Protein chains: 4
Amino acid sequence: MDKLNIGGHSLDNRLLIGTGKYPNHRIMYDAIQKSGSKVITMALRRVDINSKEENILDFIPKQCIFLPNTSGARNAEEAVRIARLARASGCGNWIKIEVISDSKYLLPDNYETTKATEILAKEGFIVLPYMSPDLMAAKRMVEAGAAAVMPLGSPIGTNRGIRTKELVQIMIDEIKDVPIIVDAGIGKPSEAAEAMEMGAGAVLVNTAIATSSDPIQMAEAFSMAVKAGRMAYLSKFGPERHFASASSPLTGFLNEGAC
Amino acid sequence: MDKLNIGGHSLDNRLLIGTGKYPNHRIMYDAIQKSGSKVITMALRRVDINSKEENILDFIPKQCIFLPNTSGARNAEEAVRIARLARASGCGNWIKIEVISDSKYLLPDNYETTKATEILAKEGFIVLPYMSPDLMAAKRMVEAGAAAVMPLGSPIGTNRGIRTKELVQIMIDEIKDVPIIVDAGIGKPSEAAEAMEMGAGAVLVNTAIATSSDPIQMAEAFSMAVKAGRMAYLSKFGPERHFASASSPLTGFLNEGAC
Amino acid sequence: MDKLNIGGHSLDNRLLIGTGKYPNHRIMYDAIQKSGSKVITMALRRVDINSKEENILDFIPKQCIFLPNTSGARNAEEAVRIARLARASGCGNWIKIEVISDSKYLLPDNYETTKATEILAKEGFIVLPYMSPDLMAAKRMVEAGAAAVMPLGSPIGTNRGIRTKELVQIMIDEIKDVPIIVDAGIGKPSEAAEAMEMGAGAVLVNTAIATSSDPIQMAEAFSMAVKAGRMAYLSKFGPERHFASASSPLTGFLNEGAC
Amino acid sequence: MDKLNIGGHSLDNRLLIGTGKYPNHRIMYDAIQKSGSKVITMALRRVDINSKEENILDFIPKQCIFLPNTSGARNAEEAVRIARLARASGCGNWIKIEVISDSKYLLPDNYETTKATEILAKEGFIVLPYMSPDLMAAKRMVEAGAAAVMPLGSPIGTNRGIRTKELVQIMIDEIKDVPIIVDAGIGKPSEAAEAMEMGAGAVLVNTAIATSSDPIQMAEAFSMAVKAGRMAYLSKFGPERHFASASSPLTGFLNEGAC
């Protein structure tokens, strides 16, 4: 399958994984391994930077890029501080920006997010902003230096699927410089496949895997669905029709004396 | 993954494939191989029973069960005649019943289909009726001896997806003796995955694969999506929520002096 | 607005009303009056035929046609008996056939319903069969003498809307001899309007009105929505577009020196 | 019905009408009259301010508030200039802000729109910003002084309905200080009713009325649908159920010897 390019990195997997809500670190590790994911996100707050004991970072497979996120930030300034702290602590230069001041729907703040994107991109970060789907806001984030844009399908953790399809599809059709990564709300592998069939560059999944009764198997299911959706997108679809179109000849068989 | 049981046969693949509309026999053969499918359907009319030359049957992989269908039948009597002819011609004892008298939407006739099912099941056929989704009609077909029931997602060849979800889901929830196989209308791997996540036993796909620009790759995509959907169904889903549910701790990070 | 014709009767209102679940008879009466409905359905069982005291029939406005239904019948024979009893008891010759043997989804049995339709139509009843949406079954009911066919939008009392739209639309497009009346599942005025915009002849609503906090006002809302949907259908819609189409001239205003 | 309050004005109608695409001025006038609308929008550019001849403004009924819009503006500065010109020309102090730089989907620019809103609200305008649905952006517009916010249902002129329902519903639930007016994309009366049932304060419709085969009758249909939706919202809905709920007693009727 074709590679995904983010910030100059070429990735052979289009499923990004979040690390919240798993039953334990071991299951999280195994689920990530099974998913084949190469980019793993975690709130910086959850990283115990100074710990000498068991550390959640030890449960992120070595082949993965670590993508700390700024969860907890309520404005651009706070997001910038968290990003800098992450880099200073050895977490690398990838950063997922989350700026959220609404605690009920956890909706991102596109305006503050764009500001943080601009500052951090200039400082050399590979910036992936989580956003409310909006073509004009996404264009601003790309101009500000975002390496990808991450519109929500539905609010975080709701498992409601891609209910913003109308707006996300326009973003996919109009923004060609960076990948569109559908983040938040994807609750089923079919929905991940749907995002890929729409032309998304990747999807980020957390709750749907972590809260399944079998996170490891669910991780594999998502991994396959993402590949299936990407392959289908590349293979191109036949037209959708209003009336039926017979797969086989319809009538006259018996008339013609075949039997 | 768990096996699919149809008429006493245990199958390790839940994607059934139709044979219409492929660019040529060779591509059809390769697509079937790539899909891993074990059950292949074709209108009996298309089988040249007496041919000594190139025969489409030669392009069905040896490991597959051949499922002739009664396409062209307009009532039970015609369907029964086609089924008997198929068996007499060496096509085995599996039969997919299609009784269609409407040429615009190609909608099945549940009443005639039930009659044909009853006659053929008594004659020892493994009968798979194509039907309009309807719990009571499906129950009658099961009583009549159907080995599976095959409700349509949307009209044949339309690629419109599972638009009858409300009725198909009820069939899945209420009929436990035989598998529910979603047949017709599935246009994308995400839709095949969705059917499996709903609890369908299998899906049958033809037009979406055959009319893709790359049928072989599309066959592989469908195969993966079906597996992903089944695995997800077995792994069980977390709840769908109305409000957001944070994957990571939301607030207070910077307040607490972490930086 | 144009009239609705059922069994030779010309009606100036396209909203049929059911009588279950109202807080009391008085509110039911007022809701029916407010709705302007001309056809009111009730399970015959609820009619106390011999009562000399307060009788629910007294709460059906005089200008309405009474449409007893065969709720409680589990097969054609029982439905026929109830219909005959209704007529013998002075309830007139309209009958809504409900044959239901499933107590979880209350789904109709198209096969038994068709049988009952045929018997009762021959006996001079004006027969309105409640059915699972299915073009071929509907055609059989029309041939059997149905004065209208009544496909479900979703199961009775669920307020889930027209989830069988794919199948109901085909029935509307293909059956021109009798009206299609969407019955069951309609939970909101917008859904009643949608049915009418699709070309349905009428809708039947019960639960959504009766269980509202204000059944009388809700009845009026449904009445207006049904009229709005019918008027819109008659006025014809402009095309649905994929790309935007400006209502007003888009650019260049300020360039041209207007200010 | 309850009144709609915008910028201190109390309105007895919740349907706003646009003036583009009508066959001629006379039909537009009659459609507006039939709709009962009290707020009519038009691109300022279409207003011939100095004309002594037939003027489109003469075809806006006298009882209506004129709401000029800034169509053609590509940034806040241009929108502000158009608004000031409108007021200086005697068009009053209501202004609908449209800032659009994308010519394919005509999507609004929330950032520039917020800037224009702030400037114009301070100058005493009653500002109604057209926007991409986004809770945080809407909150900013309200803080900036917007008298209402107008999220799109789908792109202008597409008649695709409320495809942004997930985001618009959140705005309705969370913003209580000003009305949410669904603007753009509403193609059918059922969709207008749906917006009102969701709790929208009003809807703005143009293309769906103007491009109907009978704009005057379609205007009446929309007017009724908006009222129906608002009345239903005020009457409150019964619950949506997964399983059926009988309107009438289900079984046992014939068993009990009633006949």
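Residues numbered from 1 in each chain as written. Chains lettered and ligands numbered in written order. Predicted model: local features only at pLDDT ≥ 70, side-chain atom pairs only at ≥ 80, totals over all residues. Heavy atoms only, no water.

Undergrad: It is not clear to me how the interface of chain A and chain B should be interpreted in this structure. Could you clarify?
TA: Many descriptions give the size of an interface as the accessible area lost when the pieces come together. Every contact between the two is made by 73 residues of chain A and, on the other side, 73 residues of chain B. Note on chain A versus chain B: buried area summed over both sides is about 6600 Å², and carbon and sulfur give 60% of it. Taken together, the links from chain A to chain B amount to two salt bridges. One salt bridge connects R163 of chain B with E240 of chain A, and the closest N-O pair in it is separated by 3.2 Å. One can count 22 residue pairs in polar contact (both at pLDDT 80 or more) joining chain A with chain B. Classifying every residue of the side of chain A that touches chain B gives 30 nonpolar, 24 polar and 19 charged. (Contact = heavy atoms within 4.5 Å. Buried area = accessible area lost by both parts, 1.4 Å probe. Salt bridge = Lys/Arg side-chain N within 4 Å of Asp/Glu carboxyl O. Polar contact = N/O pair within 3.5 Å; in protein donor to acceptor, adjacent residues only side chain to side chain. Nonpolar A, V, L, I, M, F, W, Y, C, P; charged D, E, K, R; others polar.)

Undergrad: Got a minute to help me understand the relation of the copies chain C and chain B in this structure?
TA: Between the two copies of the chain lies a relationship made up of a rotation around an axis and a movement along it. The transform that puts chain C on chain B rotates by 180 degrees and translates by 0.0 Å along the axis, for an RMSD of 0.0 Å. The symmetry that links the two subunits is that of a two-fold axis. Among all residues of chain C, the one whose C-alpha sits closest to the rotation axis is T164 of chain C, at a distance of 3.0 Å. Comparing contact sets, 100% of the residues at the interface of chain C also lie at the interface in chain B, consistent with an isologous, same-surface contact. (Least-squares fit on C-alpha atoms with pLDDT ≥ 70 in both.)

Undergrad: Mind showing me how you'd approach the UniProt feature "active site" (unreviewed entry) in chain A here?
TA: Residue and element names in this part refer to chain A. This chain's UniProt record puts "active site" (unreviewed entry) on K96. Within the element layout of this structure, K96 appears in strand 6 (residues 94-97). Of the residues examined, K96 reaches a relative accessible area of 4% and is grouped as buried. Sequence-distant contacts of K96, that is, excluding residues within four places in its chain, are made with T41, L67, P68, N69, T70, L128, Y130, M150, D183 and L204. (UniProt positions renumbered as here; feature names shortened; annotations may be inferred. Helix = DSSP H or I, 4+ residues; strand = E, 2+ residues; numbered from the N terminus. Buried < 20%, exposed > 50% of the residue type's maximum accessible area, 1.4 Å probe, protein only.)

Undergrad: Help me out: how do you make sense of the UniProt feature "binding site: 1-deoxy-D-xylulose 5-phosphate" (unreviewed entry) in chain A in this one?
TA: Residues and elements named next belong to chain A. Sequence positions flagged by UniProt for "binding site: 1-deoxy-D-xylulose 5-phosphate" (unreviewed entry) are, in local numbering, G157, A184, G185, N206 and T207. Separation in sequence by 51 residues is not matched in space for these annotated residues, since their most distant C-alpha atoms are only 9.1 Å apart. Tracing the sequence through the fold places N206 in the loop between strand 10 (202-205) and helix 7 (207-210). With relative accessibility at 9%, the residue N206 sits in the buried group. For T207, the position within the fold is in helix 7. Polar side-chain contacts of T207 include one of 2.9 Å to the side chain of K21.

Undergrad: Mind showing me how you'd approach the relation of the copies chain A and chain B here?
TA: Each copy superposes on the other: chain A lies on chain B with an RMSD of 0.0 Å after a rotation of 180 degrees and an axial shift of 0.0 Å. Interface overlap between copies: 100% of the residues of chain A at the interface are likewise at the interface in chain B, consistent with a symmetric, same-surface contact.

Undergrad: What am I meant to see in the pattern of salt bridges here?
TA: Opposite charge on two side chains permits pairing when their charged atoms draw close. The full count for this structure, using the stated rule, is 64 salt bridges over all chains. Two residues, E78 of chain C and R74 of chain C, come together in a salt bridge whose shortest N-O distance is 2.9 Å. Among the ionic contacts, a cluster of salt bridges with common partners joins D109, E112 and K115 of chain A together with R140 of chain D.

Undergrad: Could you clarify how one ought to interpret helix 8 (residues 215-235) of chain B in this entry?
TA: The periodicity of an α-helix, 3.6 residues per turn, causes residues three or four places apart in sequence to face the same way. All names here are of chain B. Compared with an ideal rise of 1.5 Å per residue, which puts 21 residues at 30 Å, helix 8 spans 30 Å between its outermost C-alpha atoms and is within 8% of the ideal. Counting buried residues along helix 8, 15 of its 21 residues qualify, which places the element largely inside the surrounding structure. K236 sits one or two residues past helix 8 and shows a positive phi near 65 degrees. (Expected span 1.5 Å × (residues − 1).)

Undergrad: What am I meant to see in the interface of chain C and chain B here?
TA: Taken residue by residue, the interface counts 27 residues in chain C and 27 residues in chain B. Put simply, chain C and chain B have eight salt bridges between them. Across the pair R140 of chain B and E112 of chain C runs a salt bridge, and its minimum N-O distance is 3.7 Å. At the boundary of chain C and chain B, one finds eight residue pairs in polar contact (both at pLDDT 80 or more). Mapped onto the side of chain C that touches chain B, the elements with two or more residues apiece are helix 3 (110-122), helix 4 (135-143) and helix 5 (165-174) of chain C. Counting residues per element, the side of chain C that touches chain B draws most heavily on helix 5 of chain C, which supplies five residues.

Undergrad: Before we go on, may I ask you to explain the pairing of strand 4 (residues 39-43) of chain C in this structure?
TA: On a regular strand, one side chain projects to one face of the sheet and the next to the other, so that they alternate. Residues and elements named next belong to chain C. Across the five residues of strand 4, five count as buried, placing the element largely inside the fold. Side chains V39, T41 and A43 project from strand 4 onto one buried face, and the interleaved I40 and M42 project onto a second face that is buried too. Sheet topology places strand 3 (residues 15-18) next to strand 4; two bridges connect them, and they run parallel. Bridge pairing in strand 4 links G18 to T41. This β-α-β element, strand 3 to helix 1 (residues 25-35) to strand 4, shows right-handed connectivity. As defined by bridge partners, strand 4 adjoins strand 5 (residues 65-69) across five bridges and the pair is classed as parallel. Its bridge partner lying in strand 5, V39 is registered against I65. (Pairing = 2+ DSSP bridges. Right-handed = clockwise from strand over helix to strand, strands pointing away.)

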